[in-house]
Amino acid sequence: MHRVAAALSTMGGVAARPDLLARGFSGRQLGHAVSTGAVVRPRQGWYALPSTPEPVMRAVRVGGRLCCVSAAAHLGLWVPLATSLHVSVPQNAARLRTPDDPTTRLNPSSTACDVVLHWQSAWDGRAVNRAIVPLRECLAQVLVCQSAEAALCVLDSALFQRRVTQREIADLAPRLPRRCAPVIAQATSLAESGIETLTRVRLRRVGIIPRLQVPIRGVGRVDMLIGTGLIVELDGSEHHAGPEAFEADRRRDASLHALGYRVLRFSYRQVTQDWETVETTILRLVARGAHLARPLG
């Protein structure tokens, strides 16, 4: 591996020219690395590994760091589908460029612009990875920028993956707007996917408070239990499961029915695109007392 590429691999895959010069590389060495294809220049004065993920490269071309939901998705957290690129830039930033062409000036006010800028008054130029904001800064940005539902999905995902602790999230509250506090208070490490978070939040709005990840003897954990007898299972993938997973789910549902539970199973599409049907179905069964059953399990 070229020495410049090896250095970049320890710097998050992207670095500014001054950072590389500070590590002892010469301008000639940087130019040679580019000419051989070992590294690429996403923007003047910046160098990156060719394998650097495209969202990161696009943020660098703009002139900032990947942030908010764009950074959360890059870090592997569950985020709602979004098309805009979120980029953190210094408050005094100039020469901002479009994410796909570093020679074209960015016009944030244009209706065609798919970039959301986060203007930062405090800019840490000493960060190890200068192309992506740190996780806790990312979570703070999500809380301020996104809807309560979307922010809670990201927080739950970070907690479930043990990327942060409840205390670390709570510590964000004092420096954020007051409206963020109720969202932080609802965050839990028990939601395995974003649609579990969406379902929990939306059911609470209509007075239903499900328990999450409840163990059922002989079956295992179920996504949600309403009352004592109504189970809600959720397909956390936006894609269809394979035939083996389909059969396993049906065997699991049959076992739960044999124990006396009523089981509802909803897909990613139903929760995200047809919530009215999901809510109506659950409310009708609760109205009939299906959640008050006393199963054998």
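Scroll up for the structure.
### Quick look at helix α4 (residues 54–62)
Alright, step 1. Counting buried positions along α4 gives 7 out of 9 residues, so the element sits mostly inside the fold.
Alright, step 2. Positioned one or two residues after α4, Gly63 has a phi angle of 120°, which is positive.

### Side note on the packing of aromatic side chains
Alright, step 1. All told, the structure shown has 1 aromatic pair when counted by the stated rule.
Alright, step 2. Where Trp78 meets Tyr268, the ring centres are 6.5 Å apart and the plane angle is 55°; that geometry is what we call tilted. Here Trp78 is found in the loop between α5 (68–74) and β5 (85–90), whereas its partner Tyr268 is found in helix α12 (residues 268–273), with 190 residues between them in sequence. Comparing Trp78 with Tyr268 shows no difference in burial state: the two are buried.
Alright, step 3. In this structure, Arg202 packs its charged tip against the face of Trp275, placed 5.4 Å from the ring centre.

### Structural notes on unusual backbone geometry
Alright, step 1. One non-glycine residue, Arg95, lies in positive phi territory at about 60°.
Alright, step 2. Positionally, Arg95 belongs in the loop between β5 and β6 (97–98).
Alright, step 3. With a relative accessible area of 44%, Arg95 lands in the partly exposed category.
Alright, step 4. Not every positive phi belongs to a glycine, and Arg162 is a case in point at roughly 60°.
Alright, step 5. Relative to the helices and strands, Arg162 resides in the loop between α7 (148–160) and α8 (166–170).
Alright, step 6. Given the relative accessible area of 76%, Arg162 is considered exposed.

### Some thoughts on the sheet that holds β5
Alright, step 1. Read across the open sheet, the 3 strands follow the order β4-β5-β8; overall the sheet is mixed. Among the strands making up the open sheet, the edge pair consists of β4 (65–66) and β8 (115–120).
Alright, step 2. Direction of pairing for β4 relative to β5: antiparallel, over a ladder of 2 bridges. Bridge pairing in β5 places Arg65 opposite Ser88.
Alright, step 3. This element, α4, spans β4, β5 and β8 of the sheet and lies at about 40° to β5.

Thresholds applied
- Residues numbered from 1 in each chain as written.
- Predicted model: local features only at pLDDT ≥ 70, side-chain atom pairs only at ≥ 80, totals over all residues.
- Heavy atoms only, no water.
- Buried < 20%, exposed > 50% of the residue type's maximum accessible area, 1.4 Å probe, protein only.
- Helix = DSSP H or I, 4+ residues; strand = E, 2+ residues; numbered from the N terminus.
- Phe/Tyr/Trp six-rings, centres within 6.5 Å; stacked < 30°, edge-to-face > 60°.
- Lys NZ or Arg CZ within 6 Å of the ring centre and 35° of its normal.
- Pairing = 2+ DSSP bridges.
- Contact = heavy atoms within 4.5 Å.
- Axes fitted to C-alpha atoms, helices over the stretch in contact; angles between N-to-C directions.

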